[in-house]
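# Coordinates in review
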Amino acid sequence: MPGMIRLAEHAAHHVEDLIGKHDIDCGYERTGNVFAAVSRGQLGRVRRVAKLLRRAGGDVELGTTESLGIPHGFVGGMRENVGGIMNPGLFTAGVRRTLLGTPAQVFERTKVTGVARDRGQAVITTFGGEVRANKVVLATNAYAGEWDITPPRLSVPIWVIEVETEPIDPARLAALGWTSRSGLVTQHNIMENYRLTPRDTIVFGVRRLERGRTYPLPAKKPDPALVEELAQAFARRFPALSDVALDRAWGGWIAITSSWLPIAGQLDESTYYSIACNGHGLAQAPYVGSLIADLIVDGEPHEDLAALWVKKAGFPRPMMMGPLGLRTIWAVDRFNDFVNGSRRNALRGQRRSARAQPGSPRR
Ligand SMILES: Cc1cc2nc3c(=O)[nH]c(=O)nc-3n(C[C@H](O)[C@H](O)[C@H](O)COP(=O)(O)OP(=O)(O)OC[C@H]3O[C@@H](n4cnc5c(N)ncnc54)[C@H](O)[C@@H]3O)c2cc1C
């Protein structure tokens, strides 16, 4: 656990350095991210997580809605002070521009159809030809299962979506109490996440996971029913913005491991892999990539690599990752939302009737 916390925090610092060093304009704001609770039950869970993270050396703070500067629709939470929010597309475009400015040879839009070993070298096959290399790093995330060389069950491909609101009047955004601008992640089994953008919109998503069953992974569009479900969740978390419309929705494949932790390792003397950051790879994937590059050049593994290094590739069947398992996890979250919603309504009703009784104390 301490190793994983260190890795996550160092990954955030690595990406901040990358942004600064190469002047990448991706709207990065060092706001930290808040595990935001939507109910007392979730608050209890946050407190337990905070205790574990603190014990492992994590830079976290527990707080109320007000002290954390998060919207009134949440009941408190815990901020991870390291890291923040950014536009991932602009970040990736900036890294690409930087890479193209180096002597590295980059082959874009070139699908690798196979990776094999031959006389101590890796042989990478494409539709247009072959490349032989002394060292190869497999880093195709959810798509890794398309190759025979990838160990079975290393990860499962999962489709997740995000949506973005139309621009919102800045005065209405200011009234939310979201003064910290921290990214928000709810404590459902399958999270909802919310972040502000410099365009005065709110980007949010996930809530339901869809399992990819066959390779090659299909091109997909967001399910309109899930977009509608996310819109309803948004209206519940941000009641003052319930009239705000959604502008767009998009999605992509991520890789989930059976432990829900990132993994990397070495298949043989020439083949390394860094795959599956479980939906947290924006900072972790570039950092782990740089550590593997250092390992290849120096031969010495950085201590952060040890936290996620798989010594012997053999992976258990992931639990609850079939369509039925994922549906069950979703249903548990919805049941808890329903119970918490009913409890909140009952409390409001009790307060209303107490106020309506003559002589009853006002709170
Ligand atoms: C909707 C959505 C929201 C997300 N939100 C967050 C977030 O808030 N925070 C966070 O940290 N992470 C988030 N993630 C996850 C994050 O994007 C990933 O963890 C991260 O991109 C992983 O980086 P990667 O380089 O390992 O893999 P990817 O970014 O998936 O890149 C894999 C690359 O491999 C290429 N490829 C695949 N097959 C082949 C082949 N055969 N030959 C050649 N190239 C190939 C693909 O084209 C792709 O460019 C989100 C992901 C999605 C989809």
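As a starting point, this report considers the structure included with it. (Residues numbered from 1 in each chain as written. Predicted model: local features only at pLDDT ≥ 70, side-chain atom pairs only at ≥ 80, totals over all residues. Heavy atoms only, no water.)

### Observations concerning the nonpolar core
Membership of the largest hydrophobic core comes to 45 residues, with the highest contact counts inside it found for Y194, I202 and F238. For this core, the leading source of residues is helix α6 (residues 224–237), giving five residues. The contact partners of Y194, leaving out residues within four places of it in the chain, are F74, W178, G183, L184, T186, I202, V203, F204, A233, F234, R237 and F238. L7, A11, Y287 and V288 belong to the second-largest nonpolar core, a separate cluster that totals twelve residues. (Core = buried A, V, L, I, M, F, W, Y, C linked by side-chain atoms within 4.5 Å. Buried < 20%, exposed > 50% of the residue type's maximum accessible area, 1.4 Å probe, protein only. Helix = DSSP H or I, 4+ residues; strand = E, 2+ residues; numbered from the N terminus. Contact = heavy atoms within 4.5 Å.)

### Some words on the pattern of salt bridges
Where charged atoms from two side chains of opposite charge come close, those side chains can pair. Counted under the stated rule, the structure contains 23 salt bridges. For E229, the salt bridge goes to R207, with nearest N and O atoms at 2.6 Å. Of this pair, E229 sits in helix α6 while R207 sits in the loop between β11 (202–206) and β12 (210–211), and the two are 22 residues apart along the sequence. By the burial criterion, E229 is buried, and R207 matches it. Put simply, D337 and R207 hold a salt bridge, and the shortest N to O gap is 3.9 Å. Taken as a pair, D337 in helix α9 (residues 323–356) and R207 in the loop between β11 and β12 lie far apart in primary sequence, 130 residues in all. On the basis of relative accessibility, which here comes to 13%, the residue D337 falls in the buried class. With a relative accessible area of 3%, R207 lands in the buried category. Through salt bridges with shared partners, a single network forms among E192, R207, R208, D223, E229, R237, R334 and D337. (Salt bridge = Lys/Arg side-chain N within 4 Å of Asp/Glu carboxyl O.)

### Things to note about empty space enclosed by the protein
It is a probe the size of a water molecule, rolled over the atoms, that shows where empty space is left. Under the criterion given, the structure shown has one cavity of 30 Å³ or more. Estimated volume of the largest cavity: approximately 50 Å³. The wall of the largest cavity is formed by C26, G27, E29, I85, M86, N87, R195, L196, T197, P198 and R199. When the residues that make up the lining of the largest cavity are grouped by side-chain class, the tally is five nonpolar, three polar and three charged. (1 Å grid on protein atoms, 1.4 Å probe; cavity = no way out; pocket = protein on both sides within 12 Å on 5 of 7 lines; lining within 4 Å. Points joined across faces, edges and corners; volume = space filled by probe spheres on them. Nonpolar A, V, L, I, M, F, W, Y, C, P; charged D, E, K, R; others polar.)

### Some details on the sheet that holds strand β5 (residues 121–126)
Two modes of strand pairing occur in sheets, parallel and antiparallel, and in both the strands are linked by backbone hydrogen bonds. Taken together, three strands build an open sheet; the order of strands is β4-β5-β6 and the sheet is antiparallel. The open sheet terminates on both sides in strands that have one partner only, identified here as β4 (112–118) and β6 (129–133). Adjacent strand axes in the sheet meet at a mean angle of 20°, parallel and antiparallel pairs treated alike. Examined bridge by bridge, β5 and β6 share five bridges and lie antiparallel to one another. Paired with T125 across the two strands is E130, which belongs to β6. (Pairing = 2+ DSSP bridges. Axes fitted to C-alpha atoms, helices over the stretch in contact; angles between N-to-C directions.)

### Quick look at the site of the ligand
Residues in close proximity to the ligand total 17 residues, the closest being V112, G279, H280, G281 and L282. One of the backbone N or O atoms of G279 is found 3.0 Å from a nitrogen atom in the ligand. The backbone of H280 places a nitrogen or oxygen atom 3.4 Å from an oxygen atom of the ligand. About the coverage of the ligand: the protein hides 64% of its 1,000 Å² of free accessible area. Sorting the residues of the shell around the ligand by element identifies β8 (156–165), β13 (246–256) and α7 (281–298) as the ones contributing at least two each. The dominant element in the shell around the ligand, judged by the number of residues it contributes, is α7, at three residues. (Near = heavy atom within 4 Å. Polar contact = N/O pair within 3.5 Å; in protein donor to acceptor, adjacent residues only side chain to side chain. Areas by Shrake-Rupley, 256 points an atom, 1.4 Å probe, with all protein chains shown as cover.)

### Topic: the packing of aromatic side chains
Under the criterion given, the structure shown has eight aromatic pairs. For the pair F74 and F238, a centre-to-centre distance of 6.0 Å together with 75° between the ring planes defines the contact as edge-to-face. Of this pair, F74 sits in the loop between α3 (65–68) and β3 (77–80) while F238 sits in the loop between α6 and β13, and the two are 164 residues apart along the sequence. Like F74, the residue F238 is buried in the burial classification. Chaining the aromatic ring pairs together yields one cluster made of F74, W178, Y194, F204, F234 and F238. Against the face of W330 rests R327, its NZ or CZ located 4.3 Å from the ring centre. (Phe/Tyr/Trp six-rings, centres within 6.5 Å; stacked < 30°, edge-to-face > 60°. Lys NZ or Arg CZ within 6 Å of the ring centre and 35° of its normal.)

### Describing the sheet that holds strand β15 (residues 271–275)
What the four strands build is an open sheet, ordered β7-β15-β14-β16; its pairing is mixed. The sheet terminates laterally at β7 (136–138) and β16 (309–310), the two strands that pair on one side only. When strand β14 (residues 263–268) meets β16, the two strands line up parallel, connected through two bridges. Looking across to β16, one finds that G265 is bridged to V310.

### A few points about the pairing of β5
Across six bridges, the pairing between β4 and β5 is antiparallel. Directly across from G114, in β5, lies its bridge partner T125. Between β5 and β6, which follow one another and run antiparallel, lie two residues.

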